[in-house]
Amino acid sequence: MKVLVIGGGAREHALCRSLSLDPDVTALHCAPGNAGIAEVAELHGVDALDGRAVAELATGLQADLVVVGPEAPLVAGVADAVRERGIPVFGPSAQAAQLEGSKAFAKDVMAAAAVPTARSYVCTTAEEIDEALDAFGAPYVVKDDGLAAGKGVVVTEDVEAARAHALACERVVIEEFLDGPEVSLFAITDGETVVPLQPAQDFKRAYDGDQGPNTGGMGAYSPLPWADPKLVDEVMATVLQPTVDELRRRGTPFSGLLYAGLAITSRGVRVIEFNARFGDPETQVVLARLKTPLGGLLRAAATGNLAALPPLRWSDDAAVTVVIASHNYPGTPRTGDPIEGLAEVADQDAPGAYVLHAGTRRGDSGAVLSAGGRVLSVTATGTDLTTARQRAYRAVERISLDGSQHRTDIAAKVADAAAEAQGA
């Protein structure tokens, strides 16, 4: 099987790493990729948002499967362009990807499918915004209706900050605040059959103790020892399957990765948002635990054959990923700084820990340089979360990037609680 992955972040590096370990994957390509992905896949300088160019590349490579990683190409219709050439694609159509591309569309689908979610208003004028903010009160939850690269949501006690964000959006969703811990649950679907993956939890705030601005995600872990063992079955029955069924009923079947961002509230599970692709950085820890070969799983979804697959196999190990970000992230990040210590991690920490590249490129001299806000995802596995954390942070300490930042408390509380419970 020849596979082409579209994208160039840590999510795509995690996908490429897992695909490279699948014995059925005989050739692996990525466009545009990054410095780390280049070690496991052949890179191609194609604009990921140009559906025609991606389709031509896939045709020229005689790809048996195209995997579209990021949300922007999906919303732009890249998967549609490839499908028109008769090539199997893992990723929803542009219409189905509106589940992520438009918060208002997602709310409409959830209402029709009776999926539990926050009460909300869709606003386009200053008057509507003020009425919605008054109706819900603090803390205010304000979401840009369109794609915003993980930075379109503001949760604040400050009504003026909430209003300013809302006014900056062309169309905005204002909703009630959902209490309780958040969980990310991915599901593979071919538009009919739904196969859930293992849940994960990520850390959105920039600094330790969940302080600072929201980011695209500063780390993640899996499994969730504190979660109800029935959580996945419940979400399958009340969220994932009804949503897939509703989209099929509308004539816009969703095939690919359906990501449910959930709040475990005092009133039960509620959907915070849907995404139409693998989440970053949760993908890094979920795929670290998946033992079923990834290529066959994604191709079964792309060809409508998920129902024929045997149950997924998972490692009992825990996984933790820690994001190393550039100076000033999530503001305008500084780029072009050399990254050192990658070889030391590969030599001394593998296979228990490894580095997945997010925003990196090769400089003229061959050195790996920073090229984005989130630069690396240092990922580790272990028999429990404590061991996985220790391995991840030991690897983080080997890496040098001037001015970089990372959280030191990823999975710390849950690892301590799990260890305490085991000791008791």
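Scroll up to find the structure this text is about.
All figures in this text were calculated on a predicted structure; none of them were measured in a lab. (Residues numbered from 1 in each chain as written. Predicted model: local features only at pLDDT ≥ 70, side-chain atom pairs only at ≥ 80, totals over all residues. Heavy atoms only, no water.)

On to the layout of surface pockets. A volume near 380 Å³ is recorded for the second largest pocket. Lining the second largest pocket are 18 residues, with His13, Glu39, Ala346, Tyr354 and Val355 positioned closest to its centre. At the level of secondary structure, the elements contributing two or more residues to the lining of the second largest pocket comprise α1 (10-20), α12 (342-348) and β20 (353-357). When residues in the lining of the second largest pocket are grouped by element, the largest group, 5 residues, is from β20. (1 Å grid on protein atoms, 1.4 Å probe; cavity = no way out; pocket = protein on both sides within 12 Å on 5 of 7 lines; lining within 4 Å. Points joined across faces, edges and corners; volume = space filled by probe spheres on them. Helix = DSSP H or I, 4+ residues; strand = E, 2+ residues; numbered from the N terminus.)

Let us now look at the sheet that holds strand β18 (residues 318-325). In space, the 5 strands of this open sheet follow the order β12-β15-β18-β23-β20, with antiparallel pairing throughout. The outermost strands of the open sheet, each flanked by one partner alone, are β12 (201-202) and β20. In this structure, β12 lies alongside strand β15 (residues 219-222), joined through 2 bridges in antiparallel fashion. In the strand pairing of β15, glutamine 201 is matched with tyrosine 221. (Pairing = 2+ DSSP bridges.)

Taken together, 4 strands build an open sheet; the order of strands is β6-β9-β7-β8 and the sheet is antiparallel. One side of each edge strand has no neighbouring strand; the edge strands of this open sheet are β6 (120-123) and β8 (153-156). With strand direction ignored, the average angle separating the axes of adjacent strands in the sheet is 20 degrees. This element, helix α8 (residues 159-167), spans β7 (140-144), β8 and β9 (172-175) of the sheet and lies at about 15 degrees to β7. (Axes fitted to C-alpha atoms, helices over the stretch in contact; angles between N-to-C directions. Contact = heavy atoms within 4.5 Å.)

As enumerated under the stated definition, the model contains 22 salt bridges in all. Measuring nitrogen to oxygen at the nearest pair gives 3.0 Å for the salt bridge that ties aspartate 210 to arginine 407. Of this pair, aspartate 210 sits in the loop between β13 (205-207) and β14 (211-214) while arginine 407 is found in the loop between β24 (400-401) and α14 (412-423), placing the two residues 197 residues apart along the sequence. On the basis of relative accessible area, aspartate 210 is assigned to the partly exposed category, the value being 45%. (Salt bridge = Lys/Arg side-chain N within 4 Å of Asp/Glu carboxyl O. Buried < 20%, exposed > 50% of the residue type's maximum accessible area, 1.4 Å probe, protein only.)

Among the secondary structure elements, serine 370 is positioned in strand β22 (residues 368-370). If sequence neighbours within four positions are ignored, serine 370 has contacts with Ser326, Arg334, Thr335, Gly336, Asp337, Ile339, Gly359, Val375 and Leu401.

So, on to unusual backbone geometry. A negative phi angle is the norm for most residues apart from glycine, just as the trans form is the norm for most peptide bonds. The linkage connecting alanine 31 with the following residue, proline 32, adopts the cis geometry, with an omega of 0 degrees. Checked against the element boundaries, proline 32 lands in strand β2 (residues 27-32). A cis amide bond links aspartate 280 with the next residue in sequence, proline 281, at an omega value of 25 degrees. For proline 281, the position within the fold is in the loop between β17 (268-275) and α10 (282-289). In the Ramachandran plot, alanine 114 falls in the positive-phi region, its phi being about 60 degrees despite a non-glycine side chain. Note that alanine 114 resides in the loop between α6 (103-113) and β6.

Owing to its 3.6 residues per turn, the α-helix brings residues three or four apart onto one side. Summarising burial for α1: 9 of the 11 residues are buried, a large majority. Of the positions making up α1, those classed as buried are Ala10, Arg11, Glu12, His13, Ala14, Leu15, Cys16, Ser18 and Leu19.

Right, let's get into helix α7 (residues 126-136). By the burial criterion, the buried members of α7 are Ile129, Ala132, Leu133 and Phe136. One side of α7 holds all its buried residues, which, seen down the axis, span an arc of 100 degrees. Exposed and oriented more than 90 degrees from the buried face of α7 are Glu127, Glu131 and Asp134. Contact partners of the buried residues in α7: β6, β7, α8 and β9. (Arc of directions from axis to C-beta.)

Here we take up the environment of valine 368. Inspection of the secondary structure puts valine 368 in strand β22. Residues valine 368 and serine 404, spaced 36 residues apart in sequence, show a C-alpha to C-alpha distance of 15 Å.

Counting buried residues in β7 gives 4 out of 5 residues, a clear majority hidden from the surface. When β7 meets β8, the two strands line up antiparallel, connected through 4 bridges. Residue pairing in the sheet places tyrosine 140 in a bridge with threonine 156 of β8. Pairing of β7 with β9, which is carried by 4 bridges, proceeds in the antiparallel orientation. Bridge pairing in β9 links valine 142 to isoleucine 174.

Let us now look at the packing of aromatic side chains. In the structure shown here, the tally under the stated rule is 5 aromatic pairs. Between the aromatic rings of phenylalanine 90 and phenylalanine 278, the centroid separation amounts to 6.1 Å while the plane-to-plane angle is 35 degrees, which identifies the pairing as tilted. Of this pair, phenylalanine 90 sits in strand β5 (residues 89-90) while phenylalanine 278 sits in the loop between β17 and α10; the two residues are 188 residues apart in sequence, bridging distant segments of the chain. Of the two residues examined, phenylalanine 90 and phenylalanine 278, each falls in the buried class. Geometrically, the ring pair formed by phenylalanine 186 and tyrosine 259 is tilted, given 5.0 Å between the ring centres and 45 degrees between the ring planes. Here the residue phenylalanine 186 occupies a position in strand β10 (residues 182-189), and tyrosine 259 occupies one in strand β16 (residues 256-265), the gap between them amounting to 73 residues. (Phe/Tyr/Trp six-rings, centres within 6.5 Å; stacked < 30°, edge-to-face > 60°.)

Two elements in contact, α6 and helix α9 (residues 231-249), have axes whose closest approach is 9 Å; the angle formed by their N-to-C orientations is 105 degrees. Taken as axis vectors, α6 and α9 run roughly perpendicular relative to one another. Between α6, through Phe105, Val109, Ala112 and Ala113, and α9, the contact on the second element is made entirely by Pro242, Thr243, Glu246 and Leu247. Considered class by class, the residues forming the contact of α6 with α9 number 6 nonpolar, 1 polar and 1 charged. (Parallel < 35°, antiparallel > 145°, perpendicular 65-115°, else oblique. Nonpolar A, V, L, I, M, F, W, Y, C, P; charged D, E, K, R; others polar.)

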